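# Chain and residue survey
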Amino acid sequence: MVHVYNCHPFSSQQIVQVEQEPGLICCGGGALFVVATGGCKVDAYSVEKEGCPLICRFATMGAVKSIQHSKMGDYLVTIEEKNSATYLRAYTNWRYQAEGKARVGVRLLGHLLRGASVRGGVQMEIIEIPLSERPVAVACCSVTGDLLVGCENTLVLFALRRQNQQSLNLSQQMFPSSWTTSQSHGQITGSNQNFLDFERSVILHLPKLKPKQVALCGVYVAVQAELEVLVLKLDVSSEPKTLEESLDTKKADHLEDQADFQVLPRHQELLGDRAEDCDIPVSIEQTGLEDGTGQYTLSYVLFRRFTPDFFQGCSVEETQLHSLQLYPLFTSNQSVSLDEPSCIFCFFSLPSAGYLYSLKGGVELLSAYQYPEKVLKAVLTDHLLHVITKSALQCFTVRCAAVAARVEDPYIDSTLKACPPCSLEVCALRMQLFIGLRSVCVYGRHVVLLSTADAETPEEPERTAQRRGLELKEHTLLTGIFLAVGIDPATTPALESLLSRPFLSRKWTISSPKESSAAGHGWNLYVVDTVSPLTLYQEMVEYSQRFAETNPQAQSLRHLLSEAHLLLRTSSLQTSERQRHAEEDSALSLQTDADGPAERQTAVRTDAQDLEEAFRQNCAQLGDCFSRGSQKDCHQALPYYRMSGLSVTDIMARNRPLPSSPHSYGPGFLFYLKHYLLEETEQILSQEAADEVIDIFSQSEPSQLVGVCASPSLINISPAQTLRILQHLEDTAGVSVPLTTTMAAMMLRLDDLPQYTHLMERHAEMLLVYGFIEEPRLLLHGGGGGGGGGGGGGQQARVRPTALTRQLAKSQPGLLVAAVVALHENNKVQLEQADHIFKELGCENCLQVDFWEAMLMASSQETIIQELLFRVASVYIDRLTNTTSDTHTDEPHTPSRRRPLKSADDLMNSCSHYGALYPWLIVLNPAHTTSSHHQEALYKLQSLLCGPSLSVGSVVPLMERLSEETLWGFSLHLLCATRRGQYDGSIEKLLDRCPQAIIAYANHQLQDKHMVLWWQKLLPELCNRTRAAADNGILLAALKETLVVVAMETSPTEFLELMPDDGAASYFLPYLLTCSQRRLLA
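Residue numbering note: each chain is counted from 1, following its sequence as written. The predicted nature of this model means local features are confined to residues of pLDDT at least 70 and side-chain atom pairs, given and counted, to a pLDDT of 80 or more, with totals for whole chains, interfaces and linings taken over all residues. To get the side-chain values, take all heavy atoms of the structure and skip hydrogens and water.

## Describing the overall build of the chain
The way it works is that DSSP assigns letters per residue, a run of H or I at least four long becomes a helix, a run of E at least two long becomes a strand, and they are numbered from the N terminus. A tally of helices and strands in the chain yields 36 helices and 35 strands. Every one of the 1082 residues in the chain was classed for burial, and the buried ones make up 51%. Accessible surface computed for the chain: about 49800 Å², of which carbon and sulfur atoms make up 51%. A 1.4 Å probe rolled over the protein chains alone gives each residue an accessible area, and that area as a share of the maximum for its type sets the label: buried under 20%, exposed over 50%, partly exposed in between. Per-residue and other accessible areas follow the Shrake-Rupley method at a 1.4 Å probe size, with only the shown protein chains counted as cover for residues.

## A look at the packing of helix α30 (residues 967–979) against helix α31 (residues 983–993)
Angles run from 0 to 180 degrees between N-to-C directions of axes, and those axes are lines fitted to C-alpha atoms, restricted for helices to the stretch in contact. Packing of α30 against α31 brings their axes to within 9 Å, and their N-to-C directions diverge by 160 degrees. The orientation of α30 relative to α31 falls into the category roughly antiparallel. Taken as a pair, α30 and α31 cross one another with a handedness that is left-handed. Only Tyr-983, Ser-986, Lys-989, Leu-990 and Arg-993 of α31 make contact with α30, whose side of the interface consists of Leu-967, Phe-970, Leu-974, Ala-977 and Thr-978. Of the residues that constitute the contact of α30 with α31, the class distribution is 6 nonpolar, 2 polar and 2 charged. To sort the angles, those under 35 degrees are grouped as roughly parallel, those over 145 as roughly antiparallel, those from 65 to 115 as roughly perpendicular, and the leftovers as oblique. Handedness of each helix crossing follows the sense of rotation of the near helix against the far helix: counterclockwise by less than a right angle gives left-handed, clockwise gives right-handed. Whether two residues are in contact is decided by their heavy atoms: any pair within 4.5 Å suffices. Nonpolar residues are Ala, Val, Leu, Ile, Met, Phe, Trp, Tyr, Cys and Pro. Charged residues are Asp, Glu, Lys and Arg, and all others, Gly as well, are polar.

## Remarks on helix α22 (residues 831–840)
Taken residue by residue, α22 has Leu-831, Gln-833, Ala-834, Asp-835, Ile-837 and Phe-838 as its buried positions. Gly-842 lies just past α22 and shows a positive phi near 75 degrees.

## Quick word on the nonpolar core
Each nonpolar core is a collection of buried residues, namely Ala, Val, Leu, Ile, Met, Phe, Trp, Tyr and Cys, held together in the definition by side-chain atoms within 4.5 Å. The biggest cluster of nonpolar side chains holds 183 residues, and the ones touching the most others in it are Leu-449, Leu-673, Phe-851 and Leu-941. Counting residues per element, this core draws most heavily on helix α24 (residues 862–881), which supplies 10 residues. Once you skip the residues sitting within four places of it in the chain, Leu-673 turns out to touch Val-648, Met-652, Val-693, Ile-696 and Phe-697. Val-223, Ala-225, Tyr-355 and Val-363 belong to the second largest nonpolar core, which has 52 residues in total.

## Some words on the environment of Met-540
Mapped onto the fold, Met-540 is located in helix α7 (residues 533–550). Since its relative accessible area comes to 0%, Met-540 is described here as buried. For the pair formed by Met-540 and Leu-560, sequence separation is 20 residues and the distance between their alpha carbons is 6.9 Å. In contact with Met-540, other than residues within four places in its own chain, are Cys-7, Thr-397, Leu-429, Leu-560, Glu-563, Ala-564 and Leu-567.

## Re a nonpolar patch on the surface
Exposure above 30% relative accessible area and the absence of a salt bridge qualify a residue for a patch, where like charges join within 9 Å and nonpolar side chains (Val, Leu, Ile, Met, Phe, Trp, Tyr) within 5 Å. Any carboxyl oxygen of Asp or Glu that lies within 4 Å of a side-chain nitrogen of Lys or Arg is treated as forming a salt bridge with it. A grouping of Met-766, Leu-767 and Tyr-770 is seen on the molecular surface, where their side chains present a nonpolar patch of about 330 Å² in accessible area. Tracing the chain through its elements places Tyr-770 in helix α18 (residues 765–774). Look at Tyr-770 and you get exposed, because its relative accessible area is 52%.

## Quick word on the pattern of salt bridges
Within this structure, the stated rule accounts for 31 salt bridges. Lys-360 serves as the salt-bridge partner of Glu-340, at 3.0 Å between the closest nitrogen and oxygen. Linking Glu-340 in the loop between β22 (322–329) and β23 (343–349) with Lys-360 in the loop between β24 (353–358) and β25 (364–370), this pair joins segments that are 20 residues apart in sequence. Note on Lys-360: relative accessible area 23%, which makes it partly exposed. Here Arg-1025 makes a salt bridge to Glu-1021, at a shortest N to O gap of 3.3 Å.

## Regarding the side chain of Lys-940
Structurally, Lys-940 is set in helix α28 (residues 932–946). On the basis of relative accessibility, which here comes to 1%, the residue Lys-940 falls in the buried class. Within 3.5 Å is the distance limit for a polar contact, defined as a pair of N or O atoms, with the added protein rule that one can donate a hydrogen and the other accept it, and that residues adjacent in sequence qualify only through two side-chain atoms. Among the polar contacts listed, one links the side chain of Lys-940 to the side chain of Glu-853, at a separation of 3.2 Å. Among residues more than four places away in sequence, those in contact with Lys-940 are Glu-853, Tyr-876, Pro-900, Lys-902, Ser-903, Ala-904, Leu-907 and Tyr-914.

## A short note on the sheet that holds strand β6 (residues 54–59)
With antiparallel pairing, the 4 strands of this open sheet are ordered in space as β3-β4-β5-β6. Of all the strands in the sheet, the pair left with one neighbour each is β3 (22–28) and β6. Taken pair by pair, the neighbouring strands of this sheet meet at an average axis angle of 20 degrees, ignoring direction. Any two strands between which DSSP finds at least two bridges are classified as paired. Where strand β4 (residues 31–36) and strand β5 (residues 41–46) come together, 5 bridges link them in antiparallel fashion.

## Remarks on the packing of aromatic side chains
A pair of Phe, Tyr and Trp rings is counted when the ring centres sit within 6.5 Å of each other, with Trp represented by its six-membered ring. The angle between the planes then sorts it: under 30 degrees is stacked, over 60 is edge-to-face, the rest tilted. This structure, assessed with the given rule, holds 21 aromatic pairs. With 5.7 Å between their ring centres and 70 degrees between their planes, Tyr-369 and Phe-396 make a pair best called edge-to-face. Placement of Tyr-369 in strand β25 and of Phe-396 in strand β28 (residues 392–397) is noted, with a sequence separation of 27 residues between them. You'll find Tyr-369 and Phe-396 in the same group, each marked buried. Among the aromatic residues, ring-to-ring pairing joins Phe-306, Phe-348, Tyr-355 and Tyr-357 into one connected group. Two thresholds decide whether a charge sits over a ring: the Lys NZ or Arg CZ must be within 6 Å of the ring centre and within 35 degrees of the ring normal. Between the NZ or CZ atom of Arg-304 and the centre of the ring of Tyr-355, over which it lies, the distance is 4.5 Å.

## Examining the sheet that holds strand β8 (residues 75–82)
Ordered by their spatial adjacency, 5 strands build an open sheet running β7-β8-β9-β11-β10, and the pairing between neighbours is mixed. Sheet topology places β7 (63–70) and β10 (104–108) at the edges, where each strand pairs with a single neighbour. Averaged over neighbouring strand pairs, the angle between their axes works out to 25 degrees when direction is ignored. Two strands pair when backbone bridges link them, and strand β9 (residues 85–92) and strand β11 (residues 124–129) are joined in this way by 5 bridges, in the antiparallel orientation. Opposite Leu-88, over in β11, you have Ile-129 as the bridge partner.

## Description of unusual backbone geometry
Even without a glycine there, the phi angle at Ser-84 is positive, about 65 degrees. Mapping Ser-84 onto the fold places it in the loop between β8 and β9. Its identity as a non-glycine residue notwithstanding, Asn-93 has a phi of 55 degrees, on the positive side. Mapped onto the fold, Asn-93 is located in the loop between β9 and β10.

## Thoughts on the environment of Ala-937
Examined against the element boundaries, Ala-937 turns out to sit in helix α28. Counting along the chain gives 64 residues from Ala-937 to Ala-873, while the straight-line C-alpha distance between them is 9.1 Å. Discounting residues that sit within four places of it in the chain, Ala-937 has contacts with Tyr-876, Arg-879 and Leu-880.

## Quick word on the pairing of strand β26 (residues 377–380)
Pairing analysis gives 4 bridges linking β26 to strand β27 (residues 384–388), with the strands arranged antiparallel. Its bridge partner lying in β27, Ala-378 is registered against Val-387. The hairpin formed by β26 and β27 contains 3 residues between the paired strands.

## Focus: the confidence of the model for the chain
Per-residue confidence from the predictor is reported as pLDDT, a score between 0 and 100. Per-residue confidence for the chain gives a mean pLDDT of 81, with 78% of residues at or over 70. Below pLDDT 50 for its whole length, residues 165–192 participates in 47 contacts with residues either more than four positions away or in separate chains. Of the regions scoring below 50 in pLDDT, residues 884–896 engages in 12 contacts with residues more than four places distant in sequence or in other chains.

## Comments concerning the side chain of Asp-74
Summarising the element assignment, Asp-74 is placed in the loop between β7 and β8. The exposure class assigned to Asp-74 is buried, which follows from its relative accessible area of 4%. Among the polar contacts listed, one links the side chain of Asp-74 to the side chain of His-69, at a separation of 2.7 Å.

## Thoughts on helix α11 (residues 648–655)
Buried within α11 are the following residues: Val-648, Ile-651, Met-652 and Asn-655. The arc that holds every buried residue of α11, seen down its axis, measures 100 degrees, which confines them to one face. What the arc describes is the spread of directions from the helix axis to the C-beta atoms.

Dropping the structure here:
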């Protein structure tokens, strides 16, 4: 469906003063090119100046049948006829004729003039482009400046090349946009002499298609026949496809048997890869000039075939396609001179309907335009589609900006941003009436119209001749069909009457030929200026007030505001382009100290500010529409309100129902408000606004009250009033843990600690933990507490504990630690955020360590476990090195004096990362230390070192802070050395410091593969030490225990070899006897 709105897109119109009746017109480079009917002369007029003054006039070499202008290169290309022959010519440097210099150079393609044009570069050149077939249509690429020529059954692509004085060889360099820009404004400089030329790149053969129109944009090629449109993509590849030509040949052979039949084509639409299934074979003929760039390969993009729409008084010729166009669109973050366009659109039209497709990122039909009357021609722009009938110029909206917005930001359809869909129904704007319109072309905001009083087009005689030939062929074909089945039409008057009609062309009523008048016909050439998208947006907003006053929930109001939104996005693209040009002009003017570019840059900035203000206003209006709309689209209110920049208080005021209105709050507004409050925000509402929010949800969605009360935006709510609402909710909905906890938080704000304690004791601690998992913001605000958000530094800084958290830290620290651990394990908070909470509470020396220890019991993530093991080991070492600070008792209630939640024995019994203390550590550990904190830290650190998880190498640098002078410090260093496999040194140190622990150490550590150390290291050490101190009972006892173990583990021969040479035989003989007896028993 096409919506019709009474908005006027035109601002002014003027008549171009031309001397002769125009036959052809085209626009480009700020100029309007007019070719007189049957003439060999081109007049160029400036459409950017008042009155459209004449720029220049130059003659052509033949009668112009078609003319096109190229934006890149600023050249004209024509199809001309002379002496019954058709030529293709390009006219470059045509602006030099404005200086009154009549010198013109004529050359062939690829042959540069080496005379005056090289020395001075001040003449227009006519480039003759030879072709093997008669050219039918021509198109220029607005991105690259390449040239596409359509012949009878072929398409020839010519690449634009740039030449200069230093190098006249062919190059692959694109034409620079800076030169193009200066040329397009008529600034001719002799220092930058560039000469254009073309190079034949590739030839496409289409044996089953007769081109009527062609289009080119980048790598996309479009060709249009009478009722068919084919879009191809040409890519350059170093490895050419070999199966393509054979595939095309098969297609041609398969359809060869249908050549003798005239059949009506069936309607067909094939998009993307499916377009290869069409019956239009295409083959590539390489020109041999692709050595530097590779060879071309093609792929099918789009194929559309129409069935003639026969009806009374309409012929086949009147249902032909027209207005083929490939339109590029650049996004705001692109450079036109460096990047390829982000979006490419394909438009073509029947007299009754137009079709707009998006080609990049997947082929998609964006819009189908149903015209109210027969359209002669249509032109697509970035925000409007201009169509002409015999009597009117009309504009339709387009969806190019919607596609560009999604290309520029693939995540635009989210809760943060939004844009009207690409499938939004189009609308028609107010039309402008004219008489006898025949042709239209567009440059920027200038629409050029050619009107003649005689509605018969120059192609009418040719069409009449084609029609008569078709009628004769149809009559012969149908007569043959009837004769083949045994029926003679001549004997049946009814059949003879039927065959007298042009059946296949369905021209049931043939209008009488128009009498040509010998007198001259009236004609006019108009330049109609369209308003800017921002101005059209403002008119649409004014127009939308009619719907807003009568029916704020009308679908037409939402559609109109969506149209206005897309106009603003189009204007944003145009503003970005103007800003880039202004910055380039400003950079170029620094050397000349010109004020013009600076003024233009200031104007562009002002336009950008106005556009931003209008964009916010439109987003607010769209948010209002969706906030009151149906449940289906209510979620759209959230992103539009966010883009509007309005505060939640302003949005609440816009959605507050009138006292006399039967309507309550809309679903879209509730959706916005719920998401706004359930997500983290820095905006804090006043008490009045916060209480209003509570009232809104108590009336509309009471089940959301717990989450609403936990929002950091509502910290100013009245706790007494909120308690009454929550109590009523509990009476109606029943008791729940989050609701009870929320009520306890309100009691805490009222300083009613007894009632707070009563509410918290309603449920077991584990149920309370589950309640905090359900609503984390009861404990913490900020940092994505409502979900498992990221843990960046900015987020961590915003995480802060609530008043309930501070109270739990004082009264129920175990519950707080368990709750934070549960939040972490359920991805509600990250480790760094939890650490920040405990630092805010001032509990980094106690509860934070308790949290880390609890995390070691709960977590299964290896990276987090290793991080926590290092942290707790560091804390234990700090506590051991600061034992003197623990002896002070001046502040017995400081957090550092609080008893840990888990003792060393608790951790050994419940956490696998804490191991049981080695038996030999009992000998080394002192019976009493300076404080219980010191003893707990020592046992926990020893338990960690005895456990399986801690990487000893990571804590060795920290252990250097602990002195070995104390026995407990020595035990820790000995543990580290043993864990690192340094048994020899450990045995020596232990014999030096505490020999009474050596046997316990050896029994525990020297096992399995380390058993040999009993006789290789321990026995020699004890022998040497007892030899020096024979009266040392500890060493002698250790020697005896060692000899017992050695005798049990070695053979008699080995035992004899281990005996010292100076040892007494009587001392070792019992052990040798034991060894021998064990051997005999074995």
